Structures are given as C-alpha cells and as structure tokens.
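As a plain string of letters, each chain reads:
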Amino acid sequence: MTAHELAAAVPDTEEGAAFWSEYAAAQPDAARTCPEYTVEHFGDSARMADELLQEVTHGAKRATSELVAAFAADGDELPRIGSHWIACDSTGAPRIILRSTEFRIGTFSIADEAFAWDEGEDDRSLASWRIQHAKYWARTCAARGAV
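What counts and what doesn't
- Residues numbered from 1 in each chain as written.
- Predicted model: local features only at pLDDT ≥ 70, side-chain atom pairs only at ≥ 80, totals over all residues.
- Heavy atoms only, no water.
- Core = buried A, V, L, I, M, F, W, Y, C linked by side-chain atoms within 4.5 Å.
- Buried < 20%, exposed > 50% of the residue type's maximum accessible area, 1.4 Å probe, protein only.
- Helix = DSSP H or I, 4+ residues; strand = E, 2+ residues; numbered from the N terminus.
- Contact = heavy atoms within 4.5 Å.
- Expected span 1.5 Å × (residues − 1).
- Arc of directions from axis to C-beta.
- Salt bridge = Lys/Arg side-chain N within 4 Å of Asp/Glu carboxyl O.

A. Quick peek at the nonpolar core. Counting residues in hydrophobic clusters, the biggest one holds 15 residues, and the most contacted among them are Phe 42, Ala 87, Leu 126 and Trp 129. The set of elements that each furnish at least two residues to this core consists of helix 3 (46-58), strand 2 (84-88), helix 5 (113-119) and helix 6 (126-143). For Phe 42, the residues in contact, after removing those within four places along its chain, are Met 48, Ala 49, Leu 52, Leu 53, Val 56, Lys 61, Thr 64, Trp 85, Ala 87 and Leu 98. If you look at the next biggest cluster of nonpolar residues, it comprises 8 residues, including Tyr 23, Ala 30, Ala 31 and Cys 88.

Following this line, the structure appears as structure tokens:
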C-alpha cells in the first residue's frame, strides 16, 4: 500500500471530548453559542489528514469543501456558521478546533478562484482545485458505493 492508500486512524472521540472541555473553558462564549462539535480528520487517507492539517495550522488553508451527499451518507448534519470541528491527525489525535465562519452550498461549477485560493491546496488555482477535488470526490464516492 502507498501512503495515499493508508487510512487515517479513527478519530479519538474521548480525547476529542477532553480537547473540547479545555476549549470550552478557554472560550466560553464560543462554546456556549454553538456547543455542538464533530471530531474528524481531513481527507480519505493518513497522508491527506496530516498534510491538510499542516496546511491549516502552518499554511494557507482557510477553507474546505465536501459533498452534501457525503454528510447525508454518514448521517451527519451539515455544518452551520459557528459550528465547531475538532480536526485530528492521522493517528486520530485531536490537534485543532476549527469554527465555521461562512457556509455555502453550491454545485461544483460555481467554485471560484477566491474559494480555490482560500482552500490553500496545490498551487491554489481554480484549475488545480477542480482537478484534485474531482479526483477526490470520485474516489470517496466510489468507496461508499455512490456513483
């Protein structure tokens, strides 16, 4: 198996709850305003989980995207403005709490240069965003048996 194929560990929800408790104590207004959170990792592999987390903590990544169908398939609610996400590394350990400040639903074709730039991946161009996300979503749809 290549690094691209190795799955990230299941996020540690117990450690995530402890991480959330520390956050809620330090940021009581944010936690009180929106007390729901998810514990997840980026991408569909250990490599992606770590690389994209690194881009958030030390790079240019300030946005992310996912298919609405993926939320539905997992039985998850869509994020909302103010919601929190505990992002884990490839070992499943919580590393950062992200808070949604903007939320958009749209088709693949309406993503624009500004959004691709904010995602902070590859060369940050819209062309690259479209190529890489089409591959990613084709792969993740196939993995869950969707067409």
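Still more ground to cover, so stick around.
B. Up close: helix 3. With 13 residues, helix 3 extends 18 Å between its outermost C-alpha atoms, agreeing within 8% with the 18 Å of an ideal straight helix rising 1.5 Å per residue. Taken together, the buried positions of helix 3 are occupied by Ala 46, Met 48, Ala 49, Leu 52, Leu 53 and Val 56. Axial view of helix 3: buried residues confined to an arc of 165°, hence all on one face. Tucked inside the fold, the buried residues of helix 3 contact strand 1 (37-41), strand 2, strand 3 (94-99) and helix 6.

C. Quick peek at the pattern of salt bridges. The tally for this structure, following the rule as stated, stands at 8 salt bridges. Of the charged contacts in the structure, one is a salt bridge between Arg 80 and Glu 36, with a shortest N-O distance of 2.6 Å. Here Arg 80, found in the loop between helix 4 (68-74) and strand 2, pairs with Glu 36, found in the loop between helix 2 (28-33) and strand 1; they are 44 residues apart in sequence, far enough to count as distant. Accessibility expressed as a relative area gives 43% for Glu 36, which makes it partly exposed. Its salt-bridge partner being Arg 47, residue Glu 51 comes within 2.8 Å of it at the nearest N-O pair. Here Glu 51 and its partner Arg 47 are both found in helix 3, 4 residues apart, which amounts to about one turn of the helix. For Glu 51, a relative accessible area of 42% gives the class partly exposed. Owing to a relative accessible area of 30%, Arg 47 belongs among the partly exposed residues under this scheme. What emerges from the salt-bridge pattern is a single network uniting Lys 61, Glu 119 and Glu 121.

Function-wise, these values are silent; they only describe arrangement.
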